[in-house]
Amino acid sequence: MSEIRNDWTREEITEIFNTPILDLVYRAATVHREYNDASEVQVCTLLSVKTGGCPEDCAYCPQAARYHTDVKVHKLLPTEEVLENARAAKEAGSTRFCMGAAWREVRDNRDFDRVLDMVKGVNAMDMEVCCTLGMLTEEQALKLKEAGLYAYNHNLDTSEEHYDDIISTRTYDDRLDTIDNVRKANISVCSGGIIGMGEKEDDRIDMLHTLSTMEEHPESVPVNALVPVEGTPLAEQPRVSVWEMIRMIATARIIMPKAMVRLSAGRVRMNMEEQALCFMAGANSIFAGDKLLTTPNPDVVEDKEMFQTLNLKPRKAFKGEASVKFQQIPSAQA
Ligand code: SAM
Ligand code: DTB
Ligand code: SF4
């Protein structure tokens, strides 16, 4: 059995990354089967609970206030509407519900209190509840944990070197600090990135190196293909080829064998055969539902058909050793 390692070198990762593609997929598929049930895919649903008007300048993001995009801006949704969406997601087969807010960081205000209520409400539905709200302090992470938060998404997005070309309003270290705060609060870490933002292969490798040499690997690693949105600086970026997605997914799978590797943004432009190769390469999680945060995602019925054709089954909620570690402290279940 290949061991779990946190001491990967850049050279080792580069060598894996550059393996001939079919050998790479074969190796990733083998590692995947050693650690995971390859017929299982986690189904998550996203909801943008606060959309647009964000003060940050992330070059890929349609929600940054400074770019002129078609995103319909709205303030924090009413709690009941969010819970209604979570119920519908559960009924449609999702086991994880992730709430996203176009915030730079969490502030200790009434909106945060309302998000805590949303977390409590979704947790009470026996779904894994996840949030992506921007930067967090350790205290805020602990409050989310107490409310029943299972996972927190905070992507590295790209390599440290390429980061400054994409975002100037915060630093890579800010990003890493938030991930640390999430860890310290015993919340499951979800962190990955985006390809297709004009980065070099070395940047992709560097990002994978940072993720795989964390003291503990993130429990989930989303791999997003840039969704180029009109009005953002990256609107004209050429589409990444599916082979680049597969290479990224397979390398992530080999160096972080137990992580849920999520085939995230970009699925809408892939056919079933292409997605099948991603699952073969070790992807074992997707976002379902007709929208990601603000951009389209494949139709739920088509996804169900894909699961049938590929003999995939949705993974149960709170499964695996991680669920014990990230269990709520009973006194927190107010
Ligand atoms: N504002 C919070 C933050 O930035 O951490 C949370 C929401 S933000 C939209 C979550 C993640 O979505 C980003 O880190 C980025 O990786 C991803 N994302 C945003 N726009 C994207 C796009 N156009 N294509 C692919 N991924 C995107
Ligand atoms: C992640 O890595 N991808 C999701 C989720 N985490 C929050 C977001 C993708 C957003 C794509 C652009 C949009 O729909 O606004
Ligand atoms: Fe704001 Fe997050 Fe979009 Fe950056 S990615 S502009 S922080 S919503």
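Please refer to the structure placed before this passage.
Presented here is an overview of the structure given in this document. Here the structure is a predicted model, which means the values were calculated and not measured. (Residues numbered from 1 in each chain as written. Chains lettered and ligands numbered in written order. Predicted model: local features only at pLDDT ≥ 70, side-chain atom pairs only at ≥ 80, totals over all residues. Heavy atoms only, no water.)

### What to know about the site of ligand 1
In step 1: Residues in close proximity to ligand 1 total 18 residues, the closest being Tyr60, Asn155, Asp157, Arg175 and Val227.
In step 2: Ala101 has a polar backbone atom sitting 3.2 Å from a nitrogen atom of ligand 1.
In step 3: Contact between ligand 1 and Asn155: an oxygen atom at 2.9 Å from a side-chain N or O atom of the residue.
In step 4: For ligand 1, whose free accessible area comes to 550 Å², the fraction covered by protein is 91%.
In step 5: Tallied by class, the residues present in the shell around ligand 1 amount to 10 nonpolar, five polar and three charged. (Near = heavy atom within 4 Å. Polar contact = N/O pair within 3.5 Å; in protein donor to acceptor, adjacent residues only side chain to side chain. Areas by Shrake-Rupley, 256 points an atom, 1.4 Å probe, with all protein chains shown as cover. Nonpolar A, V, L, I, M, F, W, Y, C, P; charged D, E, K, R; others polar.)

### What to know about the state of the cysteines
In step 1: For the coordinates displayed, the defined rule picks out zero disulfides.
In step 2: Unpaired in this structure, Cys44 has its nearest cysteine sulfur neighbour in Cys130, at a distance of 7.7 Å.
In step 3: With a relative accessible area of 1%, Cys44 lands in the buried category.
In step 4: With no disulfide of its own, Cys98 lies 3.4 Å from the sulfur of Cys130, the closest cysteine sulfur. (Disulfide = S-S within 2.5 Å. Buried < 20%, exposed > 50% of the residue type's maximum accessible area, 1.4 Å probe, protein only.)

### Some details on the site of ligand 2
In step 1: Near ligand 2, the surroundings consist of Leu46, Pro62, Thr132, Asn153, Asn155, Pro222, Asn224, Phe287, Leu292, Leu293, Thr294 and Thr295.
In step 2: A distance of 2.6 Å is found between an oxygen atom of ligand 2 and a side-chain nitrogen or oxygen belonging to Thr294.
In step 3: Note that an oxygen atom of ligand 2 is positioned 2.8 Å from one of the side-chain N or O atoms of Thr295.
In step 4: For ligand 2, the accessible surface in isolation is 410 Å², of which the surrounding protein chains cover 89%.
In step 5: Split into classes, the residues belonging to the shell around ligand 2 amount to six nonpolar, six polar and no charged.

### With respect to the packing of aromatic side chains
In step 1: Applying the stated criterion across every chain yields a total of two aromatic pairs.
In step 2: Summarising the aromatic geometry, the rings of Tyr150 and Phe318 are spaced 5.5 Å apart at their centres and angled 85° between planes, so their arrangement reads as edge-to-face. With Tyr150 in the loop between α5 (138–147) and β4 (151–153) and Phe318 in the loop between β10 (313–314) and α12 (321–325), this pair connects stretches of sequence that are 168 residues apart.
In step 3: Classification of Phe318 as partly exposed rests on a relative accessible area of 32%. (Phe/Tyr/Trp six-rings, centres within 6.5 Å; stacked < 30°, edge-to-face > 60°. Helix = DSSP H or I, 4+ residues; strand = E, 2+ residues; numbered from the N terminus.)

Any link to function would need more than the numbers given here.
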